[in-house]
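Chain and residue survey
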Amino acid sequence: MPLRMSTLFVRTLREEPADAELPGHTALLRAGYIRRAGTGLHTWLPLGHRVYRRVEQVVREEMDAIGAQEVHFPALLPKEPYQATGRWEEYGDNLFRLRDRRDNDYLLAPTHEEVFTLLVKDLYASYKDLPVSLYQIQTKYRDEARPRAGLLRGREFVMKDSYSFDVDDAGLEASYDAHRGAYVRIFERLGIPFVIVEAMSGAMGGSRSEEFLAPTPVGEDTFVRSPGGYAANVEAVTTPVPPALPFDDAPAAHVEDTPATPTIETLVAFANEHHPRPDRPWRPADTLKNVVVMLTHPDGSREPLVVGVPGDRDVDAKRLAAQLEPAEVAVFDDDDFAAHPHLVKGYLGPQILGAASETSIRYLVDPRVVTGTRWLTGANAEGHHVFDLVCGRDFTPDGVIEAAEVRDGDPAPDGSGPLELARGIEIGHIFQLGRKYAEALDLKVLDEHGKLVTVTMGSYGIGVSRIVAAIAEACVDDLGLCWPAPIAPARVHLVAAGKGEEINDTAERLAAELEAAGIEVLLDDRPRVSPGVKFKDAELLGMPKILVVGKRLADGVVEVRDRASGEREDVAVDAVVGHLVADASPAPR
RNA sequence: CGGGGUGUGGCGCAGCUUGGUAGCGCACCUGCUUUGGGAGCAGGGGGUCGUCGGUUCGAAUCCGGCCACCCCGACCA
């Protein structure tokens, strides 16, 4: 049975809702696929839910195909498992917490590592039971500080999350690869363009990790790629380490008066005027910029940290935060400076920094700051800087940190060429959790020698509702939506344009024949609606093909339009079903 | 959590400065006309003006509190 516009629960909007956010989100609202129910909350209407269910089904089929088994947990969970892993605290305000009538704490789960781990622990005790992969398609909740971008960052969203359980690293590797393959097939089937990038494992802990991103300018994630095939989330980009330099002939470090030079810009200008270099002017890259932040560790303790980067680069707050997780990073405010009088704002230098120093403040530097590099940097006194401070001679950092901003043109870490920055929507994330959760929750099995071993886990997520939004953003144009065939609510939007029994009867007959041939049809059978309105709605709703039965029927001809390309062709009415069936079949090779 | 803005039928907005019992477009209902690019005419239904309090003979309009929502930033699948 075709879907009928005359009875479909939908109302298209001519105007853009005031709270529409992105082009695709606007189109979904205008086309009547979704309704906003509150901040970060959306209702799926029949058309939208149809698309959503198709995405879900593709995901389900490919998960089943790698032998993963579907389960379903409650979204509402007691806090205890999350306390055991520390995430009841770590998740902070982003966790929806609630209390029952007996004052017990609960949460609306943002993700389900803990309960999956405990489930396997409850039922399995032997290496013979492993490996096993379990998944669910479940509504997740995050109390986002600022929900935005329509469906892309809501407070409620649907995620497919799966978890693999293996006895050893080789097993985990195989489970990870199986999921990776399934994800590639899922996104290919959905017809959504994607790139796979190296990622940070983030708040989940763990090691190997990759993200699947749908490239689009409206994406919230920044990633890089090189001509040679390197691709990474900007948070995960590593900096090639230059070789150490000899410094035997370097002059001794010397402190100079540099009044009123609290910024790199003022410092470089002053140095060029009063202490010019013999070979070339001073440049920001010659300076070592030291940024102090305040860390708050999960146990609540606070620690100042200084990060040194070449002065021509800013610290990227996201990269810094990703490196320091699970600690929280905050700017060092005036009160903090007052409490640490050694730290002179604008004139920080490494001489008094480092775990072994008088202040014992941890000092981490950019990987470009290698032994033998020579710097112009703060002298820890108002209006003073030190010149020719040599790394490895005059100061020794406590370690390196990837916190400096990444720029277009920076070299890829694997030597595959200059990096290009781009934006994308994260639609999938796979990573090897390792034993973090198994250890925290004591998931162990007996191995073949009768010895207890801790299970190693992988965690794999796909944002199901987010994919619908990502595809809408990827496919939207001035006229409206345009779905890839595999997830479109119907393959053909059949417009009965004009009045007359013959037009209506023919439209009805073609709809029935197409459905009988396995082609889903959305039939615009609304009486007394002008052709113009039907055309606009057809374009807005975005079925891949629009079939118009109208005035040319008198000549035995109907019109087939391709929504994506806009191409139109006249087809004999008797041939059009065969034409559309052939179009829907896979191309012969 | 900082900064800015907005709350008026289902949707988009005007009215507020200068208080006098609510209006326009879209959508919806009825009738006639129209029918290949969001039709025309006529008639009609639908709003405690976010909320609580204050000022006033009288408040959508002025004053105060609260709430909600949007944008930019900080933070995150």
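Residues numbered from 1 in each chain as written. Chains lettered and ligands numbered in written order. Predicted model: local features only at pLDDT ≥ 70, side-chain atom pairs only at ≥ 80, totals over all residues. Heavy atoms only, no water.

**What to know about the protein's contact with RNA strand B**
- Close to RNA strand B lie 42 residues; Arg14, Arg153, Glu426, Glu539 and Arg561 are nearest.
- Atoms of RNA strand B within 4 Å of the protein: sugar and phosphate make up 47%, bases the balance.
- In the model, a sugar or linking oxygen of RNA strand B is placed 2.3 Å from a nitrogen or oxygen of the Arg466 side chain.
- Within the side chain of Lys551, an N or O atom sits 3.1 Å from a sugar or linking oxygen of RNA strand B.
- Counting only elements with at least two residues in the surface near RNA strand B, the list comes to strand 2 (34-38), helix 8 (317-324), helix 13 (531-541) and strand 29 (557-562).
- Here the surface near RNA strand B gets 7 residues from one element, more than from any other, and that element is helix 13.
- Broken down by class, the residue content of the surface near RNA strand B amounts to 10 nonpolar, 7 polar and 25 charged. (Near = heavy atom within 4 Å. Polar contact = N/O pair within 3.5 Å; in protein donor to acceptor, adjacent residues only side chain to side chain. Helix = DSSP H or I, 4+ residues; strand = E, 2+ residues; numbered from the N terminus. Nonpolar A, V, L, I, M, F, W, Y, C, P; charged D, E, K, R; others polar.)

**Observations regarding the domain arrangement of chain A**
- Domains assigned within chain A are domain 1 (16-189 + 436-473), domain 2 (254-400) and domain 3 (490-584).
- When each unit is reduced to the centre of its C-alpha atoms, the spacing between domain 2 and domain 3 is 68 Å. (Domains from an automatic or database assignment.)

**Concerning the layout of surface pockets**
- The space that makes up the second largest pocket amounts to roughly 280 Å³.
- Surrounding the second largest pocket, Thr12, Leu13, Arg14, Arg30, Asp478, Leu479, Arg526, Val533, Lys536, Asp537, Glu539 and Leu540 form its lining.
- Considering each element in turn, the lining of the second largest pocket owes the most residues, 5 residues, to helix 13. (1 Å grid on protein atoms, 1.4 Å probe; cavity = no way out; pocket = protein on both sides within 12 Å on 5 of 7 lines; lining within 4 Å. Points joined across faces, edges and corners; volume = space filled by probe spheres on them.)

**Focus on the environment of Cys482**
- Tracing the backbone through its elements, the reader meets Cys482 in the loop between helix 11 (464-475) and strand 26 (492-496).
- Take Cys482: its relative accessible area is 11%, and that puts it in the buried class.
- Placed 58 residues apart in sequence, Cys482 and Leu540 show a C-alpha to C-alpha distance of 7.9 Å.
- Sequence-distant contacts of Cys482, defined by excluding residues within four places in its chain, comprise Cys475, Gly542, Arg563 and Ala564. (Buried < 20%, exposed > 50% of the residue type's maximum accessible area, 1.4 Å probe, protein only. Contact = heavy atoms within 4.5 Å.)

**A look at the nonpolar core**
- Tyr33, Tyr183, Phe187, Leu190, Ile427 and Trp483 are the most contacted members of the largest nonpolar core, which totals 57 residues.
- Shared between two domains, this core takes at least three residues from each, and those domains are domain 1 (16-189 + 436-473) and domain 3 (490-584).
- Setting aside its immediate chain neighbours within four residues, Tyr183 contacts Met63, Lys160, Ser162, Phe212, Gly428, His429, Ile430, Tyr460, Gly461 and Ile462.
- Core analysis: the next-biggest nonpolar cluster, separate from the first, contains 25 residues, Val120, Tyr163, Ala438 and Val455 among them. (Core = buried A, V, L, I, M, F, W, Y, C linked by side-chain atoms within 4.5 Å.)

**Some details on the confidence of the model for chain A**
- Per-residue confidence for chain A gives a mean pLDDT of 89; residues scoring 70 or more make up 98%.
- Averaged pLDDT values over the elements of chain A bottom out at 76 in helix 9 (residues 334-339) and peak at 97 in strand 4 (residues 69-70). (pLDDT = per-residue confidence, 0-100.)

**Thoughts on the sheet that holds strand 28 (residues 545-549)**
- Strand order in the open sheet made by the 6 strands is 1-27-26-28-29-30, with mixed pairing throughout. Only two strands of the sheet have a single partner each, and these edge strands are strand 1 (3-4) and strand 30 (568-572).
- Where strand 1 lies against strand 27 (residues 521-524), 2 bridges are found, and the strand directions are parallel. What sits directly across from Leu3, in strand 27, is Leu522.
- Contacting strand 26, strand 27, strand 28 and strand 29, helix 13 crosses the sheet at an angle of about 175° to strand 26. (Pairing = 2+ DSSP bridges. Axes fitted to C-alpha atoms, helices over the stretch in contact; angles between N-to-C directions.)

**Thoughts on the pattern of salt bridges**
- Counted under the stated rule, the structure contains 44 salt bridges.
- Residues Asp105 and Lys79 are paired through a salt bridge, measuring 2.9 Å at the closest nitrogen-oxygen approach. Of this pair, Asp105 sits in strand 7 (residues 105-108) while Lys79 is found in the loop between strand 5 (76-78) and helix 3 (80-84), placing the two residues 26 residues apart along the sequence. Considered together, Asp105 and Lys79 belong to a single accessibility category, that of buried residues.
- Salt-bridge contacts for Glu420 lead to Arg225; the nearest nitrogen and oxygen are separated by 3.8 Å. (Salt bridge = Lys/Arg side-chain N within 4 Å of Asp/Glu carboxyl O.)

**Let's talk about the pairing of strand 6 (residues 96-99)**
- Judged from the 4 bridges that link them, strand 6 and strand 7 form a sheet pairing that is antiparallel. In the strand pairing of strand 7, Arg99 is matched with Asp105.
- Joining the antiparallel neighbours strand 6 and strand 7 is a turn of 5 residues, in which Asp103 adopts a positive phi near 70°.

**Description of the side chain of Arg54**
- As for its placement among the helices and strands, Arg54 is situated in helix 2 (residues 46-65).
- At 3.5 Å, the side chain of Arg54 forms a polar contact with the backbone oxygen of Pro489.
- Aside from chain neighbours lying at most four places away, what touches Arg54 is Pro486, Ile487, Ala488, Pro489, Ala490 and Glu520.

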